[in-house]
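Letter by letter, the chains look like this.
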Amino acid sequence: MSLHAQDDPALRAAQEDRLRATWKPPQGLFLRWTDTNNNRVGIWYTLTAFGFMLFAGVLALIMRTQLAVPDNDLVTANTFNQLFTLHGSMMMFLFAVPMFEAVSIILLPQLLGARDLPFPRLSAFGYWSFLIGGVFVSGSIFFDAAPDGGWFMYPPFTTRTDLSGLGADIWMLGLSFIEVSSVAAAVELIVGVLKCRPPGMRLNLMPLYAWYILVVAVMILFAFPPLIAGDILFELERLLGWPFFDQARGGDPILWQHLFWIFGHPEVYIVFLPSIALFAMIVPTFARRHLLGYPWIVLAAVGTAFLSFGLWVHHMFTTGLPKISLAFFSAASEAVAIPTGIQIFAFIATLWAGRVVWSTPLLYAVGSIAIFVIGGLTGVMVAIAPFDWQAHDTYFIVAHLHYVLIGGTLIPLFGGLYYYWPLITGKKLSDRMGRTAFWLLFVGVNLTFFPMHFSGLMGMPRRVFTYPGDLGVDAFNMASTLGSYVFAFGVAIICVDLARSPWRAKATRNPWQAGTLEWLAHPDDEDWGIRSVPLIESRYPIWDQKDFVRKVDEGRFFLPDAEEGRRETIVTTVLDARPLQVLRLGGPSWKPMATAVALGSVFILTTYHLYWWSLVGAVATLAMVLWWLWTGTAEIPEKDEKPIGHGITLPIYISGTSASGWWAMFITMLADMTAFSGLVFGYFFFWTRHEDFPPSGAGLDGPGVFWPMAALTLTLVSWAMTVAARESNARGAVGAARGLLAAGAALSLAAIGAGLAGPWVTGLEPTLHVYPAIVWTLAIWTTAHSGVGAICQLYTLARSIAGRMTPRHDADVRNITVYHHFLAVTAIVTYATIGLFPVLS
């Protein structure tokens, strides 16, 4: 008897009858645009990121053609700078990170045996934000308005409007918008891994891919927000003249480098670790055995993430930093090779101990390890400060970076494409074309970048659009250009292979004979996913648990039915995956798309200095977010509980620390706090750079003590009222809770006035010096958060009055209390810093 209902008409008919009310894919073009099913959102996300990669690759080919021979005039210097800036920006911001998030949105629900991730509409919002921001940034080159300051956009050349045009604003505001989508995806992935695992899948039984994605998503929370803080300072200088990076008025361009590389170096590991995650799935499948060293690999991934945040200064060895700091960061840069080596050796040991079945995906995995190791070896070289002083800003660094990124990100993704294409589309790609493409890629990457080591050591500077013939690097540059075309030909073969796949025959179920949960999927499965959510007892349940596939298909595990016609999955505990809740997931909606469009208008209109229209966009964004939340979250169900099978009954509504919504709020506020920390870092960075900080004089005197302390008091009392409202509501004192929320909102609004009164009353002029500029920035940041706090309190009050929040169904007040906890911490740090620090110092 077949293991799958597709092959048994009677069983299949019975299943279809039981699932007749299950959510169906939307029909029609507009409905597909409004789809929030993570599988389809992930596919569109992946295709869009792949398209941006191809476009960035074309820009790289133009650059390599320009550099093929000395004194070439194919493009002008300005055009080359635009090509160079946009190529790097697109590869890092529009391909590497979005691609891993897109693939994870597809794979994680399958790997975790979930019907979907917990916030499918948030994933859709992230996709539309990414698409709008990506088109805005990349399309600028067609209007000769692309950024031209490098993908790192170092001040002061980029902050001075007389030296850089509109492109700098397009880069800064467009990519800031994209960073919002990255943080949104990180929240979705973290909550999905922690709260949507199937029963029995304890942390030590999670697939390694889930571990890696959890680590990387947490890294995004701490890496991207400092760049957002830097973006704020950058745009305030460009748009308002606040001198954060202008040395003549007390600023320092080195601050931008710190904030950028606090993001920029973890970014390398953010894009590398997901590729290692693909290895962790591919290698055991074709070694036909469990992966060796599971706990060591997990510890190594966590260690890599931790160390990656201590390496950013190795990008700044030539900026004149103290020698003691160079020694520390040099040692940390070398130490990161240890956890990286543990992971790679674990994969090699697994292949050595297994019965290897060679395949196209495994070929890509092994080849990419070889390329990455070369980049890792040169990375150890440039981690030595004296060598870095010689090689910095030469093509040696270009070679090192591309060996790491291509070997550690791009080629592994191609391997993952060949491995998971049957899972996503039900069709296999061509082994012959895949292997041909691999060898072209392998030869192309080495022919392109290996000669750059020599041209760099011979003095070829990077970021130049031409070079003299007597430099002696003609042959190396010609070889690199030829290699780039070989590499491009390999990518073209993969594109042709993808284009031909719809006309190929259906693949068999689990064609690679893998052992992990995602391969439960059948080529003809409906969009509701697997038949039942399984009980997990092994890391490779398809291999290890008896009759596992048959039991899943026959609905013998959990939640086999959809009697209410809703998309549902199971929420479990963080550590041991005990079932807690039946979570109802959001269906198709146009609100995420409309919200992304409204928010995108704020960034885009600001770029063109259309501030009033931008304000209209901000109001529209707020209205859309509130409408989205009002109609799509914390829904009170028609019944309290639902049986999921095996005698277990779970609540449909939960709140507090067990709920996925609470975790989403907590994780989002961690990202917010990290961005705030970047601004506070800027304040104390300037303090260390000036003997007279804060300075004295007209327009420079501090905000005093009274107003900051008044704002702090108002904020803390508002916080206490929010906590009291939560407790009163839980006790059934609904009237008291409503009164406390109303009073708390009034105090939050009053805190805005008090927070801004300090710098306003004392006449701090932010264009005169960096001290008043950073004080105003911290005050505006905190008072803006007080404004959001007031909106949260009034929104919760309205929910209570409308009967959408009750003492039993209190997720709204519990979630905004988390926000106010973080707001209280922000207020304490801000007002103590700007009000007390000048006095105490």
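Remember, predicted model here, so these are calculated numbers, not experimental data.

Engineer: Just to check I follow, could you spell out the side chain of Ser532 for this structure?
Structural biologist: Examined against the element boundaries, Ser532 turns out to sit in the loop between helix H16 (474–500) and helix H17 (541–544). When residues no more than four places from it in sequence are discounted, the contact partners of Ser532 are Arg115, Lys551, Val552, Gly555, Arg556, Phe557, Phe558 and Pro560.

Engineer: What is the right way to look at the side chain of Arg726 in this model?
Structural biologist: With respect to the helices and strands, the residue Arg726 is situated in helix H22 (residues 706–730). A distance of 2.7 Å separates polar atoms of two side chains, one belonging to Arg726 and the other to Glu727. Those residues within four positions of Arg726 in sequence are excluded, and the remaining contacts are Val813, Arg814, Thr817 and His821.

Engineer: Hey, could you run me through the pattern of salt bridges in this one?
Structural biologist: For side chains bearing opposite charge, pairing can occur when the charged atoms are close. Applying the stated rule across the entire model yields 20 salt bridges. Taking the shortest distance from any N to any O, the salt bridge between Asp393 and Arg462 comes out at 3.3 Å. A residue pair is termed long-range when its members are at least 10 positions apart, and Asp393 in the loop between helix H13 (385–391) and helix H14 (395–425) and Arg462 in the loop between helix H15 (431–457) and H16 qualify at 69 residues. Taking relative accessible area as the criterion, Asp393 reaches 33% and is therefore assigned partly exposed.

Engineer: Just to check I follow, could you spell out the nonpolar core for this structure?
Structural biologist: One recurring pattern in soluble globular proteins is that nonpolar side chains are buried together. The biggest cluster of nonpolar side chains holds 240 residues, and the ones touching the most others in it are Tyr209, Tyr212, Phe244 and Trp256. In terms of residue count, helix H8 (residues 254–287) provides more of this core than any other element does, 24 residues in total. Not counting residues within four places of it along the chain, the set of residues in contact with Trp256 comprises Phe152, Met153, Tyr154, Pro155, Trp171, Met172, Leu227, Gly230, Asp231, Phe234 and Phe245.

Engineer: I would appreciate a short explanation of the confidence of the model for the protein in the present structure.
Structural biologist: A low pLDDT score tells you not to read the predicted coordinates there in detail. Averaged over the protein, the pLDDT score is 90; the fraction of residues at 70 or greater is 94%. Below a pLDDT of 50 lies the segment residues 1–7, which in the model reaches 18 contacts outside its immediate sequence neighbourhood of four places, other chains included. Long-range and interchain partners of residues 14–31, a stretch whose pLDDT sits below 50, account for 39 contacts in this model, where long-range means more than four residues apart.

Engineer: Just to check I follow, could you spell out the packing of H8 against H14 for this structure?
Structural biologist: Contact geometry of H8 with H14 gives a least axis separation of 9 Å together with a crossing angle of 40°. When the interaxial angle is binned, H8 and H14 end up oblique. Where H8 crosses over H14, the handedness of that crossing is left-handed. Where H8 abuts H14, its residues Val268, Val271, Phe272, Ser275, Leu278, Phe279, Met281, Ile282, Thr285 and Phe286 lie against Val404, Leu405, Gly408, Thr409, Pro412, Leu413, Gly415, Gly416, Tyr419 and Tyr420. Looking at the contact of H8 with H14 residue by residue, the class counts come to 14 nonpolar, six polar and no charged.

Engineer: Mind showing me how you'd approach the environment of Asn729 here?
Structural biologist: Within the secondary structure, Asn729 is located in helix H22. In the structure, Asn729 is positioned 306 residues away from Leu423 in sequence and 47 Å away in space, judged by C-alpha atoms. Dropping the residues within four chain positions of it, Asn729 is found in contact with Val734, Ala737, Met805, Thr806, Pro807, Asp810 and Val813. A polar atom in the side chain of Asn729 sits 3.2 Å from the backbone oxygen of Thr806.

Engineer: Sorry, what's going on with the packing of aromatic side chains here?
Structural biologist: Each aromatic ring pair is characterised by the separation of its centres together with the angle its planes make. One pass over the full model with this rule turns up 59 aromatic pairs. Geometrically, the ring pair formed by Phe93 and Trp171 is edge-to-face, given 5.9 Å between the ring centres and 85° between the ring planes. Separated by 78 residues along the polypeptide, Phe93 in helix H4 (residues 77–111) and Trp171 in helix H6 (residues 166–195) bring together distant segments of the chain. Exposure class is identical for Phe93 and Trp171. Each is buried. Taking 5.8 Å as the distance between ring centres and 65° as the angle between the ring planes, the aromatic pair formed by Phe666 and Phe822 counts as edge-to-face. In this pair, Phe666 sits in helix H21 (residues 660–689) while Phe822 sits in helix H25 (residues 811–840), placing the two residues 156 residues apart along the sequence. What links up through ring pairs into an aromatic cluster is the set Phe93, Trp151, Trp171, Phe224, Phe234, Phe245, Trp256, Phe260, Trp261 and Phe263. Positioned above the aromatic ring of Tyr294, the side-chain terminus of Arg539 is 3.6 Å from the ring centre. The ring of Trp627 has Lys591 lying over it, and the distance from NZ or CZ to the ring centre is 5.0 Å.

Engineer: Where do I start with the packing of helix H3 (residues 38–66) against H16 in this structure?
Structural biologist: The axes of two packed helices give the description: the angle between them and the distance between them. One way to put it is that H3 packs onto H16 with a least axis distance of 10 Å and a crossing angle of 155°. One finds that H3 runs roughly antiparallel with respect to H16. In terms of crossing hand, the pair formed by H3 and H16 is left-handed. Contacts between H3 and H16 pair Phe50, Leu54, Leu61, Arg64 and Thr65 from the former with Asn477, Ser480, Thr481, Ser484, Tyr485, Ala488, Val491, Cys495 and Leu498 from the latter. Classifying every residue of the contact of H3 with H16 gives eight nonpolar, five polar and one charged.

Engineer: Sorry if this is basic, but what is going on with the environment of Arg160 here?
Structural biologist: With respect to the helices and strands, the residue Arg160 is situated in the loop between helix H5 (120–138) and H6. Here Arg160 falls in the partly exposed class, since its relative accessible area comes to 41%. Along the chain, Arg160 and Gly241 lie 81 residues apart, while their C-alpha atoms are 9.1 Å from each other. Within the local environment of Arg160, its side chain forms a polar contact with the side chain of Asp162, the two groups lying 2.7 Å apart.

Engineer: Before we go on, may I ask you to explain the pairing of strand S4 (residues 648–651) in this structure?
Structural biologist: Looking down a regular strand, the side chains alternate between one sheet face and the other. Relative to S4, strand S3 (residues 641–645) runs antiparallel, the two sharing four bridges. Following the sheet pairing, Gly645 is matched in S4 by Ile648. The turn joining S3 and S4, which pair antiparallel and follow one another in sequence, is formed by two residues; a positive phi near 60° is taken by His646.

Engineer: What am I meant to see in unusual backbone geometry here?
Structural biologist: Most peptide bonds take the trans form, and the phi angle of most residues other than glycine is negative. Of note, the amide linkage connecting Pro155 to Pro156 takes the cis form, showing an omega dihedral of 5°. Mapped onto the elements, Pro156 comes out in the loop between H5 and H6. Here the amide bond leading from Phe693 into Pro694 is cis, since omega sits at 5°, within 30 degrees of zero. Here Pro694 is to be found in the loop between H21 and H22. Unusually for a residue other than glycine, Leu559 sits at a positive phi of about 55°. Counting through the fold element by element, Leu559 comes out in the loop between helix H18 (548–553) and strand S1 (568–572). Taking relative accessible area as the criterion, Leu559 reaches 1% and is therefore assigned buried.

Rules used throughout
Residues numbered from 1 in each chain as written. Predicted model: local features only at pLDDT ≥ 70, side-chain atom pairs only at ≥ 80, totals over all residues. Heavy atoms only, no water. Helix = DSSP H or I, 4+ residues; strand = E, 2+ residues; numbered from the N terminus. Contact = heavy atoms within 4.5 Å. Polar contact = N/O pair within 3.5 Å; in protein donor to acceptor, adjacent residues only side chain to side chain. Salt bridge = Lys/Arg side-chain N within 4 Å of Asp/Glu carboxyl O. Buried < 20%, exposed > 50% of the residue type's maximum accessible area, 1.4 Å probe, protein only. Core = buried A, V, L, I, M, F, W, Y, C linked by side-chain atoms within 4.5 Å. pLDDT = per-residue confidence, 0-100. Axes fitted to C-alpha atoms, helices over the stretch in contact; angles between N-to-C directions. Parallel < 35°, antiparallel > 145°, perpendicular 65-115°, else oblique. Left-handed = near helix turned anticlockwise from the far one by under 90°. Nonpolar A, V, L, I, M, F, W, Y, C, P; charged D, E, K, R; others polar. Phe/Tyr/Trp six-rings, centres within 6.5 Å; stacked < 30°, edge-to-face > 60°. Lys NZ or Arg CZ within 6 Å of the ring centre and 35° of its normal. Pairing = 2+ DSSP bridges.

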